[in-house]
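Spelled out, the chains give:
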Amino acid sequence: MVAANKTDEFSRVGTLTGTPEQVRSGLSHMKAEQVVALTIEHGSASSAKAFAETVAGLAPLVSAILKRRQDETFNSIIEALVPVVPPPHHKLLEARMVADARKAVLESGDWLTAAEVAKVAGFSASNPSAQPNKWKKERQVFALRHRGVDYFPGYALDPSTDFRPMKALAKVLSAFKGKKDDWGLAYWFASVNSFLGGKRPQDLLISAPDRVVAAAEDEVAGVLHG
């Protein structure tokens, strides 16, 4: 038998065990506001006492859970009552510009999934993404994450080496380490570059890799000194 004095939620929890007559008699001397009765059809007095003490020990945990759920409900009501505030106009414009830039990048070159890279490179079909992902991890190549799929730049894979990443690409990634994320790298490769005579780095990565590396190093040096 468990009796609770509800000054605060489960602030004091007492237990009574025994036969129905014994518990009924004990309750007549208590001032509990609420009572929870648990009956045991078969069991010894010691087992009943141990069970009651276990339930009493769980009371603080139950109280904490109830309070947390009440707080969550309260916050949900507040969220529902507060009107949705639209983002500032400049944030909408910024989001639109980023979306347009990413769309342009994806449309500016041949982007391949890991499975497509594995196919053109002649890797095993049993685990096609293993080698491209290994290249990515080792920073031999980068990939754009778009809608849950990694897309690797086809312009960075050299046909003369069975479509392995250009060695110059690793040097470019090293030069921009900590300065450009994967999308930033994609923007740079897809943009005309004055150091390259107005050509895009991605168009010269295979034919003039040293010039592309030099362009990357020149941009980093300009940022550091400018």
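Along each chain, residue indices are assigned from 1 in the same order as the chain's sequence is written. Reporting in this predicted model follows two pLDDT cut-offs: at least 70 for local features of residues, and 80 or more for side-chain atom pairs to be given and counted; totals over whole chains, interfaces and linings ignore these cut-offs and use all residues. With hydrogens and water stripped out, all remaining heavy atoms of the structure feed into the side-chain values.

**Remarks on the pattern of salt bridges**
Thinking step 1. In what follows, salt bridge is the name for a side-chain nitrogen of Lys or Arg lying within 4 Å of a carboxyl oxygen of Asp or Glu. The tally for this structure, following the rule as stated, stands at 11 salt bridges.
Thinking step 2. For Glu107, the salt bridge is made with Lys103, and the minimal N-O distance between the two is 2.9 Å. With Glu107 and Lys103 both in helix 3 (residues 89-108) and 4 residues apart, the pair spans about one turn of that helix.
Thinking step 3. Given a relative accessible area of 59%, Glu107 falls into the exposed group. Runs of H or I in DSSP of at least four residues are treated as helices and runs of E of at least two as strands, each being numbered from the N terminus. Accessibility here uses a 1.4 Å probe with only protein chains present; expressed as a share of the type maximum, an area under 20% marks a residue as buried, one over 50% as exposed, and anything in between as partly exposed.

**As for helix 2 (residues 45-81)**
Because the α-helix completes a turn every 3.6 residues, residues three or four places apart line up on one side.
Thinking step 1. Working rule for helices: expected span equals 1.5 Å times residues minus one. Helix length check: helix 2 (37 residues) gives 53 Å between terminal C-alpha atoms against 54 Å at 1.5 Å per residue, within 8%.
Thinking step 2. Within helix 2, the axis deviates most sharply at Ala59, by approximately 35°, and proline Pro60 lies no more than four positions further along.
Thinking step 3. Every buried residue belonging to helix 2 is among Ala52, Ala56, Ala59 and Ser63, and all of these are buried. For a residue, the bend is simply the angle between two axes, fitted respectively to the seven-residue segment ending there and the seven-residue segment starting there.

**Looking at the side chain of Asp150**
Thinking step 1. As for its position among the elements, Asp150 is in strand 6 (residues 149-153).
Thinking step 2. Whenever two N or O atoms come within 3.5 Å, that pair is a polar contact, provided that in protein one can donate a hydrogen and the other can accept it, and provided that, for residues adjacent in sequence, both atoms are side-chain atoms. In terms of polar contacts, Asp150 uses its side chain to reach the side chain of Lys136, at 3.0 Å.
Thinking step 3. Within the structure, Asp150 has its side chain in polar contact with the side chain of Arg145 (distance 3.2 Å).
Thinking step 4. Contact definition: two residues touch when any of their heavy atoms are within 4.5 Å. Not counting residues within four places of it along the chain, the set of residues in contact with Asp150 comprises Leu112, Thr113, Ala114, Asn133, Lys136, Ala143, Leu144 and Arg145.

**As for the confidence of the model for the chain**
Thinking step 1. Confidence in the prediction of the chain, expressed as mean pLDDT, is 86, and 93% of residues score 70 or more.
Thinking step 2. Summarising per-element confidence for the chain, the mean pLDDT is lowest in strand 1 (residues 2-5) (38) and highest in helix 6 (residues 167-175) (97).
Thinking step 3. Predictor confidence is given residue by residue as pLDDT, running from a minimum of 0 to a maximum of 100. Counting contacts from residues 1-8, a segment whose pLDDT is below 50, to residues more than four positions away or on other chains yields 34 contacts.

**Considerations on the packing of helix 3 against helix 7 (residues 182-190)**
The angle between the axes and the distance between the axes are what describe a pair of packed helices.
Thinking step 1. Where helix 3 contacts helix 7, the two axes come as close as 10 Å, and the packing angle between them is 60°. In terms of axis orientation, helix 3 runs oblique to helix 7. Between helix 3 and helix 7 lies a crossing of left-handed hand. Of the residues in helix 7, those touching helix 3 at Val98, Ala101, Arg102, Val105, Leu106 and Ser108 are Trp183, Ala186, Tyr187 and Ala190. Axis definition: a line fitted to C-alpha atoms, over the contacting stretch in the case of helices. Angles run 0 to 180 degrees between N-to-C directions. Comment on the angle field: the value is read as roughly parallel under 35 degrees, roughly antiparallel over 145, roughly perpendicular from 65 to 115, and oblique elsewhere. If you view the pair so one helix is near and one far, a crossing is left-handed when the near helix is turned anticlockwise from the far one by less than a right angle, and right-handed when it is turned clockwise.

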